[in-house]
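Commentary on secondary and tertiary structure
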Amino acid sequence: FPVIFTYPPSLLFYCLSAMFDKDGNGTINFHEFGALWKYIIDWQNTFRYYDRDNSGSIDQNELQTAITSFGFRLSSKFYGLLMRKFDRTGNQTITFDDFIQCC
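What you are looking at is a predicted structure, and each value in this text was computed from that prediction instead of being measured.

Looking now at the layout of surface pockets. Counted as a void, the largest pocket has a volume near 240 Å³. Along its surface, the largest pocket is lined by Phe13, Tyr14, Ser17, Ala18, Asp21, Gly26, Thr27 and Ile28. Per-class residue counts for the lining of the largest pocket are four nonpolar, three polar and one charged.

Shown next, in the form of structure tokens:
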């Protein structure tokens, strides 16, 4: 049966669904969902690894450590820009959902 959303799903949901909709039919089947779930769990483990203070969010220093370990060398100014763009709480931190979008 179709899933009916009361509120519009997030952009992240649409992006992830599109990434894992391998047959391009606009939905994800059980196997596609399994791949999507593994992808999210892998990102969650990465997030937890770099959330050094176990606060449940990533601050600018933790974000810089994570992105640098991914092989990117960015300026402090650019990390500040990322924080402003992806910090929806205004606490100078990035939550898990926003970390996925940011990375």
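It is worth spelling out the side chain of serine 57 at this point. The topology assignment puts serine 57 in the loop between α2 (30–50) and β1 (58–59). Sequence-distant contacts of serine 57, defined by excluding residues within four places in its chain, comprise Phe47, Asp51, Glu62, Thr93 and Ile94.

What follows concerns helix α3 (residues 60–69). One full turn of an α-helix is made of 3.6 residues, so residues set three or four places apart face in the same direction. When we look at burial in α3, the residues that qualify are Glu62, Leu63, Ala66 and Ile67. Each buried residue of α3 lies within a common arc of 125 degrees when the element is viewed along its axis, so the set occupies one face. Backbone nitrogen of asparagine 61 and a side-chain oxygen of the N-cap are separated by 3.1 Å at the start of α3; the cap is aspartate 59. Among the residues trailing α3, glycine 71 stands out with phi positive, at a value near 105 degrees.

A word on the pattern of salt bridges. Within the structure shown, the criterion is met by two salt bridges. Here aspartate 42 makes a salt bridge to lysine 38, at a shortest N to O gap of 2.7 Å. Separated by four residues within a single helix, aspartate 42 and lysine 38 lie in helix α2, roughly one turn from each other. With relative accessibility at 35%, the residue aspartate 42 sits in the partly exposed group. Residue aspartate 98 is joined to arginine 88 by a salt bridge in which the shortest nitrogen-to-oxygen separation is 2.9 Å. Here arginine 88 lies in the loop between α4 (76–86) and β2 (93–94) and aspartate 98 lies in helix α5 (residues 96–102), a separation of ten residues in the sequence. Taking the relative accessible area as the measure of exposure, arginine 88 reaches 62% and is therefore exposed.

Here we take up the side chain of aspartate 87. The residue aspartate 87 is located in the loop between α4 and β2 in this model. For the buried residue aspartate 87, which engages in no salt bridge, the nearest side chain bearing the opposite charge is arginine 88, 8.0 Å off. Engagement of the side chain of aspartate 87 in a polar contact is seen with the backbone nitrogen of asparagine 91, the distance being 3.3 Å. Within the structure, the side chain of aspartate 87 is placed 2.8 Å from the backbone nitrogen of glutamine 92, a separation counted as a polar contact. With near-sequence residues (within four places) excluded, aspartate 87 lies in contact with Gln92, Thr93 and Ile94.

About the criteria used
Residues numbered from 1 in each chain as written. Predicted model: local features only at pLDDT ≥ 70, side-chain atom pairs only at ≥ 80, totals over all residues. Heavy atoms only, no water. 1 Å grid on protein atoms, 1.4 Å probe; cavity = no way out; pocket = protein on both sides within 12 Å on 5 of 7 lines; lining within 4 Å. Points joined across faces, edges and corners; volume = space filled by probe spheres on them. Nonpolar A, V, L, I, M, F, W, Y, C, P; charged D, E, K, R; others polar. Helix = DSSP H or I, 4+ residues; strand = E, 2+ residues; numbered from the N terminus. Contact = heavy atoms within 4.5 Å. Buried < 20%, exposed > 50% of the residue type's maximum accessible area, 1.4 Å probe, protein only. Arc of directions from axis to C-beta. Polar contact = N/O pair within 3.5 Å; in protein donor to acceptor, adjacent residues only side chain to side chain. Salt bridge = Lys/Arg side-chain N within 4 Å of Asp/Glu carboxyl O. Lys, Arg positive; Asp, Glu negative; His and termini not counted.

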